[in-house]
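Residues per chain, in single letters:
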Amino acid sequence: MQAKFVRIMILADLATGEKAVIVRVHGHGSFRKRLIEMGFIQGKEIRVVLNAPLKDPIEYEIIGYKVSLRREEARQIEVVTEEEAREALVSDEHLQALPADLEETERLEKALAHVAEERHHNIRVALVGNPNCGKTSLFNIASGAHEHVGNYSGVTVDAKEGKFHFKDYDITLVDLPGTYSLSAYSPEELYVRKNLLETMPDVVVNVVDASNIERNLYLTTQLIDMNLRVVMALNMYDELRHKGDKLDTVQLGYLLGMPVCPTVSRSGEGISELFDTVIRIYEHQDPKLARHIHINHGAEIELGIKHVQPYIAHNEKLKAQYSTRYLTIKYLEGDKDIEKLLKKDCSNIQDIADARSDEQQRIQALMGTSLESAIVDAKYAFIQGALAETYQRYQEERPRRTLTDRIDALVTNQWAAFPIFILLLWFIFWATFTIGQYPMDWIDAAVAWFGEKVASWMPDGWAKDLVVDGIIAGVGSVLVFLPNILILYFFISIMEDSGYMARAAFIVDKLMHKIGLHGKSFIPMVMGFGCNVPAIMATRSIESRKSRLITIAIIPFMSCAGRLPIFVLFAGAFFPENPATALLGIYLLGIVVAILSALIIGKFIKEDDLPFVMELPPYRVPTARAIGRHTWEKGKQYLEKMATTILVFSIAIWALGYFPRHEGATGAYQQEHSYIGMVGKTVEPALEHLGFNWKMDVGLLTGIGAKELVISSLGVMYAQEGSASSADEGDTALQSALKASIPTAAALAYMVFVLLYFPCIATFVAIKNETGSWWWAILLCLYTILVAWIFAFAAYRIGLLVWPV
Ligand code: GDP
Ligand code: MG
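Residues numbered from 1 in each chain as written. Chains lettered and ligands numbered in written order. Predicted model: local features only at pLDDT ≥ 70, side-chain atom pairs only at ≥ 80, totals over all residues. Heavy atoms only, no water.

### A look at the overall build of the protein chain
Quick reminder of the rule: What counts as a helix is a DSSP run of H or I of at least four residues, what counts as a strand is a run of E of at least two, and both are numbered from the N terminus. The classification of residues rests on relative accessible area computed with a 1.4 Å probe and restricted to protein chains. Under 20% of the type maximum is buried, over 50% is exposed, and intermediate values are partly exposed. Whether two residues are in contact is decided by their heavy atoms: any pair within 4.5 Å suffices. Throughout, the Shrake-Rupley method with a 1.4 Å probe supplies accessible areas, and for residues the shown protein chains are the sole cover considered. Working convention for charge: Lys and Arg count positive, Asp and Glu count negative, and His plus the chain ends are omitted. One atom stands in for each charge, and that atom is NZ of Lys, CZ of Arg, CG of Asp or CD of Glu.
Per the secondary structure count, the protein chain includes 36 helices and 14 strands. With respect to the three principal axes, the spread of C-alpha positions in the protein chain is 110 × 65 × 50 Å. Expressed as a percentage of the 805 residues in the protein chain, the buried residues total 52%. Within the protein chain, contacts between residues at least 6 apart in sequence are counted, and of these 71% link residues at least 24 apart. Carbon and sulfur atoms make up 60% of the accessible area of the protein chain, which amounts to about 36300 Å² in all. On the protein chain, the mean spot of the 77 positive side-chain charges and the mean spot of the 92 negative ones are 1 Å from each other.

### Points about the sheet that holds strand β13 (residues 260-262)
Selection rule: For two strands to be treated as a pair, DSSP must find no fewer than two bridges joining them. For every element, the axis is a line fit to its C-alpha atoms; helices are fit only across the contacting stretch, and the angle between N-to-C directions ranges from 0 to 180 degrees.
One open sheet accounts for 6 strands, arranged β8-β9-β7-β10-β11-β13; its pairing is mixed. What marks the edges here is a single partner per strand, and that holds for β8 (160-166) and β13. Ignoring which end each strand starts from, the neighbouring axes of this sheet average 25° apart. Bridge analysis of β8 against strand β9 (residues 169-175) gives 7 bridges, and the strand direction is antiparallel. Counterpart to Phe-164 in the pairing with β9 is Ile-171. Each of β7 (122-129), β8, β9, β10 (203-209), β11 (230-235) and β13 is contacted by helix α11 (residues 271-283), which is oriented at about 170° to β11, the strand it contacts most.

### Section: the packing of helix α10 (residues 249-256) against helix α17 (residues 371-390)
Convention followed: Every angle not falling under 35 degrees, over 145, or within 65 to 115 is termed oblique; those three ranges are roughly parallel, roughly antiparallel and roughly perpendicular. Take the far helix as the reference: if the near one is turned anticlockwise from it by less than a right angle, the crossing is left-handed, and if turned clockwise, right-handed.
Packing of α10 against α17 leaves a shortest axis separation of 9 Å and a crossing angle of 150°. One way to sum up the angle between α10 and α17 is to call them roughly antiparallel. Crossing handedness for the pair α10 and α17: right-handed. Side by side, α10 and α17 meet where Gln-251, Leu-252, Leu-255 and Leu-256 of the first sit next to Phe-382, Ala-386, Glu-389 and Thr-390 of the second.

### Regarding the nonpolar core
Let me state the cut-off plainly: What is meant by a nonpolar core is a set of buried Ala, Val, Leu, Ile, Met, Phe, Trp, Tyr and Cys residues, joined one to another through side-chain atoms within 4.5 Å.
Membership of the largest hydrophobic core comes to 109 residues, with the highest contact counts inside it found for Phe-570, Phe-692, Tyr-750 and Phe-753. Those residues in contact with Tyr-750 that lie beyond four places of it in its chain are Phe-570, Phe-692, Met-696, Gly-699, Leu-700, Val-710 and Leu-714. The next biggest cluster of nonpolar side chains, apart from the first, holds 60 residues, and it includes Val-192, Leu-223, Val-264 and Val-308.

### Here's the deal with unusual backbone geometry
Residue Pro-57 follows Asp-56 across a cis peptide bond; omega there is 5°. Mapped onto the elements, Pro-57 comes out in the loop between β3 (45-50) and β4 (58-62). The omega torsion across Phe-659 and Pro-660 is -10°, close enough to zero to call that bond cis. Here Pro-660 lies in the loop between α28 (624-658) and α29 (667-672). Phi angles above zero are rare outside glycine, and Lys-167 is one such case at about 50°. Locating Lys-167 in the fold gives a position in the loop between β8 and β9. Using a relative accessible area of 52% as the deciding quantity, one classes Lys-167 as exposed.

### Here we look at the pairing of strand β2 (residues 19-25)
Working note: regular strand, side chains alternate between the two faces of the sheet. The element β2 is largely enclosed, with a buried count of 6 among its 7 residues. In this structure, β2 lies alongside strand β6 (residues 77-81), joined through 5 bridges in antiparallel fashion. By the bridge assignment, Ala-20 is partnered in β6 with Thr-81.

### Digging into helix α34 (residues 744-756)
As a reminder of what qualifies: By this rule, a helix spans an expected 1.5 Å times one less than how many residues it contains.
For α34, built from 13 residues, the straight-helix expectation of 18 Å at 1.5 Å per residue is met to within 8% by its first-to-last C-alpha distance of 19 Å. Counting buried positions over the 13 residues of α34 gives 11, a clear majority of the element. Here α34 has its buried residues at Ala-745, Ala-746, Ala-747, Ala-749, Tyr-750, Met-751, Val-752, Phe-753, Val-754, Leu-755 and Leu-756. Those residues of α34 that are buried lie in contact with α26 (564-574), α27 (579-602), α30 (675-687), α31 (694-703), α32 (708-718) and α36 (774-802).

### Remarks on the packing of aromatic side chains
Convention followed: Any two rings among Phe, Tyr and Trp, with Trp reduced to its six-membered ring, count as a pair given centres within 6.5 Å; such a pair is stacked if its planes are under 30 degrees apart, edge-to-face if over 60, and tilted if neither. For a lysine, the NZ atom is tested; for an arginine, the CZ atom; a charge sits over a ring if that atom is within 6 Å of the ring centre and within 35 degrees of the ring normal.
Counted according to the given criterion, the structure contains 20 aromatic pairs. Geometrically, the ring pair formed by Phe-570 and Phe-574 is stacked, given 5.8 Å between the ring centres and 15° between the ring planes. Taken together, the positions of Phe-570 and Phe-574, both in helix α26 and 4 residues apart, correspond to about one turn of that helix. As far as burial versus exposure is concerned, Phe-570 and Phe-574 are alike and both buried. Ring geometry for Phe-758 and Phe-764: centres 5.8 Å apart, planes at 35°, overall tilted. Among the residues examined, Phe-758 registers a relative accessible area of 9% and is labelled buried. For Phe-764, a relative accessible area of 15% translates into the label buried. Ring pairing ties together the aromatic residues Phe-570, Phe-574, Phe-692, Tyr-750, Phe-753 and Tyr-757, which thus form one cluster. The positively charged end of Arg-356 is found above the aromatic ring belonging to Tyr-331, 3.9 Å away from the centroid.

### Comments concerning the sheet that holds β4
Spatial ordering of the open sheet is given by β1-β6-β2-β3-β4-β5, a layout of 6 strands whose pairing is antiparallel. Strand pairing shows two members of the sheet lacking a second neighbour, β1 (9-10) and β5 (65-69), which therefore form its edges. Running over the sheet, helix α3 (residues 82-91) touches β1, β2 and β6 and is turned about 50° from β6. With respect to the sheet, helix α5 (residues 104-120) is in contact with β2, β3 and β6, its orientation differing from that of β2 by roughly 15°.

### Remarks on the site of ligand 1
Rules: We call a residue near a molecule or strand when any one of its heavy atoms sits within 4 Å of it. Any pair of nitrogen or oxygen atoms within 3.5 Å is treated as a polar contact; in protein, a donor-acceptor pairing is required on top of that, and neighbouring residues in sequence qualify only through side-chain atoms on both sides. Gly counts as polar in this scheme, as do all residues outside two lists: the nonpolar Ala, Val, Leu, Ile, Met, Phe, Trp, Tyr, Cys and Pro, and the charged Asp, Glu, Lys and Arg.
In the vicinity of ligand 1 lie 18 residues, with Asn-132, Lys-135, Thr-136, Ser-137 and Asp-238 positioned nearest. Contact distances for ligand 1 include 2.8 Å between an oxygen atom and a backbone N or O atom of Asn-132. Considering ligand 1 on its own, with 580 Å² of exposed area, one finds that the protein chains cover 90% of that surface. Of all elements in the fold, only α6 (135-143) and α9 (237-243) reach the threshold of two or more residues within the shell around ligand 1. The element best represented in the shell around ligand 1 is α6, accounting for 3 residues. Residue composition of the shell around ligand 1, by class: 5 nonpolar, 9 polar and 4 charged.

### Description of the pattern of salt bridges
Opposite charge on two side chains permits pairing when their charged atoms draw close. Inclusion rule: Salt-bridge detection follows one rule: a side-chain nitrogen of Lys or Arg within 4 Å of a carboxyl oxygen of Asp or Glu.
Scanning all chains against the criterion turns up 31 salt bridges. One salt bridge connects Arg-24 with Glu-78, and the closest N-O pair in it is separated by 2.8 Å. One end of the pair, Arg-24, is in strand β2; the other, Glu-78, is in strand β6, with 54 residues separating them in the sequence. Of the two residues, Arg-24 and Glu-78, neither departs from the other in class, the shared state being buried. The residue Arg-629 makes a salt bridge to Glu-300 at a minimum N-O spacing of 3.5 Å. One end of the pair, Arg-629, is in helix α28; the other, Glu-300, is in helix α12 (residues 299-313), with 329 residues separating them in the sequence. One salt-bridge network, in which partners are shared between bridges, spans Glu-300, Glu-359, Arg-362, Arg-629 and Glu-633.

### Observations concerning the environment of Gln-437
Its location among the elements puts Gln-437 in helix α19 (residues 417-457). In the structure, Gln-437 is positioned 44 residues away from Phe-481 in sequence and 9.3 Å away in space, judged by C-alpha atoms.

Now the structure itself:
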């Protein structure tokens, strides 16, 4: 190809009726992907159906069908026109050699295809990286030029271009000034950014200094936001090797969504592989090689992005050239240059600005830092996470500088990590139940008092029974757990917001991988000990669908706070010597069943395990406000569950036990001959192999509404005459009643069954909502019932050997 000046033609400039062939599509990744899906591929012929000067969109015909493109979109498409093809027919030797008897239209077609092909093989590659990472050396060795190579910042003042031939391609290499970031702080940064977004290289080579990888990757995270085609040249690889450090470049590439090529630009090692990869990235969308990832900035910032992004995306003009996520992040950072751009191009700039200032205030209040530095922290958390998984320093004992490093050294230490973690968990559960006991008693007393008061105001009759025994007692039995829930989530919020939970997830990550899960599944699982509903909602942070579905499936086996009182009651009654061991055993059984289930269910779900980074944010003292809000949010979810599902079910179960009415009969007689008693007797044959009697079955049935209801219905059924409606005052009475009528083996089986069977209606609904399918919810619930039956059966049989009847 001759070195002649070619004016690049773009699709938007073609007039109505003109024909052209596509050379390439510019713009950010998701835009390009959309156009490729529409058929805008190199070599395809396109005709302008209608392009009037003021008309937007423009109408085109491509591969036989009509499409409209906005003018901005058509600006991103480079083409070869018939006019250019005609010129080439005269000037290009290849085309002059065409047989003379060829028809004119055919000649032109051949010329169009030829020029398009040639231009397509002409690619622009930009080198982007920190100062002194070896860009100019790489530029020189690749292009054969001899730029001055210096070991100090700022040698390259503006872009240098060099051309070289590689395989079938003519590569124009651009050496851009070194920058640490792509904020608009320095002229260099602004220059590089403008170059990337406006001159638009086909591929960006991100040169990274392997001996200083953490700081270098910050720039990389910004390139990821921009959604460009990036290949990483992991330069100075010789130094990394020399130090004895180990880096899993393939895994790092997966995590970052871009290929990583080790290079030594001093010697030229890896340079040819680097440009091979550049061409592969340019030519196809190989998802194994490159995928677009979103850097997770943490729940709060992501919420902010979600709030602002739609306002920016509302402006079609920007959408072809820029990733709106990138614009949003930059705008949230307060980037002056992006502010100017949005001001110029956005009609709704006021809405955008308002949304941002809301978010700035919210984040400032929650995190105690500015939005800008919160975003920087989040990017470093991402880098830390990616490196923790892939990078191994030769000398682990090199001096730890920051506080975060020092805390990390302790809590992720291979010997101390698990003991510390288990100790913390133990403390949290201890605090939850011991401290929680006081408010629990107060609420209990308040509910009882309120029930009595209401009872004394209302005239006797079914309405009074409904209000007192159905609504107040039902909801009250759930309300008592609110303090436990709040305390538990208070501690979980502290663990999350301080940055410890991310480490905990990291520590268990390897173990979790063994059962097809991810470290990120761990937090929802711990939350499941409080209440399954918010736990299932928390699985949203898991990117992999497979991991997420499995996590949702096994959370019901994490014994929630609602099940605890049943275990306390039974353990106290039947294993009075060591109730704590029984309790611990039950919790452990839940965990074991969860692990087994994960292994089984994992077999049935399609693999989609794209790797993702587990962010490691710096430690910080969480703000009271953030803790308060996060704790309250979880509490609110619990309260909502109570106000809706549990209320309805309390009433339904009360009604099923209340009707048909047997006036004057005892509570127990009434229960036995009520609807629920009938159902209990119907299911009795299925459960009698587990040693359960019909009263216990009724308890399980009520537990479908909420596990909390099991005790109150057992209380009613086992209560002595006269105290039928108040199970609270006679917990010990209930315990002795149970002991008198249930063999120990059956009690053990009952605990196992309660642990494992159908979680509760609210969890069922949460599963449906989060998986988006009733089928999943139904299937999972059937599964839990099956598992419960099998394990309870085993427990009963074994129990009979130990405690024969
Ligand atoms: P730039 O600022 O990114 O353009 O970096 P330069 O190309 O000017 O290189 C900075 C210094 O790093 C020079 O002294 C180079 O010789 C040296 N250098 C470049 N690449 C490598 C490499 O792969 N290995 C080693 N050991 N040194 C390199
Ligand atoms: Mg340089």
